Amino acid sequence: MMKLFTLLVTAAVVASPVSANDTLAEVKTGGLIFAQSDDVSMAEEDLFISASEVRVDYVFENSSDKDVESLVAFPMPDITGRLDGDTAISDYDSDNFLHFSTVQDGRPIKANLQQRVVSLGIDVTDEFAKLGIPVMPMSPKTADALAKLPETVRKDWIARGLVYPMADGAGKVDLVPLWTLRSTYWWRTVFPAKKRVSVQHRYQPAVGGTVAISFLENGEAKGERFEQYARKYCLDGDFVRTAQQRASEAEAGGANYTESWISYVLSTGSNWAGPIRRFQLTVDKGKPGSLISFCGSSVQKIGPTTFRMTAEDFDPEKDFDILILNPPEAQ
């Protein structure tokens, strides 16, 4: 049974409307997946999540009397072009836009990268390669390349929904990417018979958020957005009341708190044989003055900004979402 855990800190928040231009959409990330095997299980998973880094340390165990060769993969989150708003990717010019790295038994792994471009369910990767169009929708290099497309290709891509023509105030028409980039790092590995293998990987999460508190409606705990937050982040009464109180104070001249959203696809751990025998999750909220809320069980505060939960024979069934309310920079 999942229990509610929230941390309350003295805060000054303001409830105000948030437009699309003031929002960064979080991008869900997760852990490793691997070709299914009845012989290899996850003995341990130690997961650390903060707004600046995700660290995952695994210990796998091959219980059979034969070596198991397997394909291991890290699916990067899908990146889809948008007409408005933005995603929380900080490095649009790198294929490794999350700065992913991995180590196995102390040795760095050089992973292969597969990237596919999909539009309306159709793979158009080869077409992009032929025309020399960068595949990252949000990259400035992509915008420059699209501006140089031949007119026949331009019309064809508009008709097929790969791009959308958008005019600026001066009448210039730019092509906005609408395709989806799917990227996966992968490598082959061997799990020796009757042995344990340690794997660590690191990356920078794509943290979404707003420039103000957005889940209160005119200072009240109501409305569709509030209900969504309450379910997703397990908001409790004390958390909400604190937000309302500080919102009222902020209206008298205080500065806004901001929201940060971090999503982790915890259910990828269930791709391994059996439950995770020992699971540990550590969450760091960043600043001592921040508020944090997430769904968890038996969570303990272990430091000024860190919280931990542990479980035995853990079988992840749902993804993990974190809400952080950040104090103004001056505080």
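Residues numbered from 1 in each chain as written. Predicted model: local features only at pLDDT ≥ 70, side-chain atom pairs only at ≥ 80, totals over all residues. Heavy atoms only, no water.

With that out of the way, let us pick up the nonpolar core. Leu-47, Ile-49, Phe-128, Trp-157, Tyr-264, Phe-320 and Ile-322 are the most contacted members of the largest nonpolar core, which totals 62 residues. Here Phe-128 is in contact with Val-117, Ile-133, Pro-134, Val-135, Trp-157, Leu-162 and Trp-179, once residues within four sequence places are set aside. Ranked by size, the runner-up nonpolar core spans 15 residues in total, among them Tyr-233, Leu-235, Val-240 and Ala-243. (Core = buried A, V, L, I, M, F, W, Y, C linked by side-chain atoms within 4.5 Å. Buried < 20%, exposed > 50% of the residue type's maximum accessible area, 1.4 Å probe, protein only. Contact = heavy atoms within 4.5 Å.)

What the rule picks out here adds up to 14 aromatic pairs. Pairing Tyr-58 with Phe-60 gives two aromatic rings, centres 5.3 Å apart and planes at 20 degrees, and the pair type is stacked. For the pair formed by Tyr-58 and Phe-60, the shared burial category is buried. The ring centre of Phe-48 lies 4.0 Å from the NZ or CZ of Arg-55, which sits over that ring. (Phe/Tyr/Trp six-rings, centres within 6.5 Å; stacked < 30°, edge-to-face > 60°. Lys NZ or Arg CZ within 6 Å of the ring centre and 35° of its normal.)

Let's shift gears to the pairing of strand β6 (residues 54-62). With nine bridges connecting them, strand β5 (residues 40-49) and β6 associate as antiparallel partners. Considered in β6, the bridge of Asp-46 is made with Asp-57. Counting the residues that bridge the hairpin from β5 to β6 gives four residues. In the sheet, β6 pairs with strand β17 (residues 196-203) via eight bridges, with the strands oriented antiparallel. (Pairing = 2+ DSSP bridges. Helix = DSSP H or I, 4+ residues; strand = E, 2+ residues; numbered from the N terminus.)

Once that is clear, we can look at the sheet that holds strand β20 (residues 276-284). Overall, mixed pairing links the eight strands, which are arranged β11-β10-β17-β6-β5-β20-β23-β22 in an open sheet. Edge positions in the sheet fall to β11 (107-108) and β22 (300-301), since each has one partner strand and no second. As defined by bridge partners, β22 adjoins strand β23 (residues 306-314) across two bridges and the pair is classed as antiparallel. Note that in β23 the partner of Lys-301 across the bridge is Phe-307.

This structure, assessed with the given rule, holds twelve salt bridges. Here Arg-196 ties to Glu-61 by a salt bridge, and the two come within 3.6 Å at their closest N and O atoms. In this pair, Arg-196 sits in strand β17 while Glu-61 sits in strand β6, placing the two residues 135 residues apart along the sequence. Glu-61 gets classed as partly exposed once you look at its relative accessible area, which sits at 23%. Connected via shared salt-bridge partners are Glu-44, Glu-61, Arg-196 and Arg-277. (Salt bridge = Lys/Arg side-chain N within 4 Å of Asp/Glu carboxyl O.)

Below, the discussion takes up the pairing of strand β15 (residues 173-177). Summarising the sheet, strand β14 (residues 163-167) and β15 pair through five bridges and their orientation is antiparallel. Residue Met-166 lies in a different strand from β15, and its bridge partner there is Asp-174. Where β14 folds back on β15, the antiparallel hairpin that results is connected by five residues, among which Gly-171 adopts a positive phi of roughly 90 degrees.

Attention shifts here to the state of the cysteines. On inspection of all chains with the given rule, the structure shows one disulfide. For Cys-234, the disulfide goes to Cys-295, at an S-S distance of 1.9 Å. Taking the torsion about the S-S bond as the criterion, the Cys-234 to Cys-295 disulfide, at about 100 degrees, is right-handed. Of this pair, Cys-234 sits in the loop between α4 (224-233) and α5 (237-250) while Cys-295 sits in strand β21 (residues 291-296), and the two are 61 residues apart along the sequence. We classify Cys-234 as buried; its relative accessible area is 19%. (Disulfide = S-S within 2.5 Å.)

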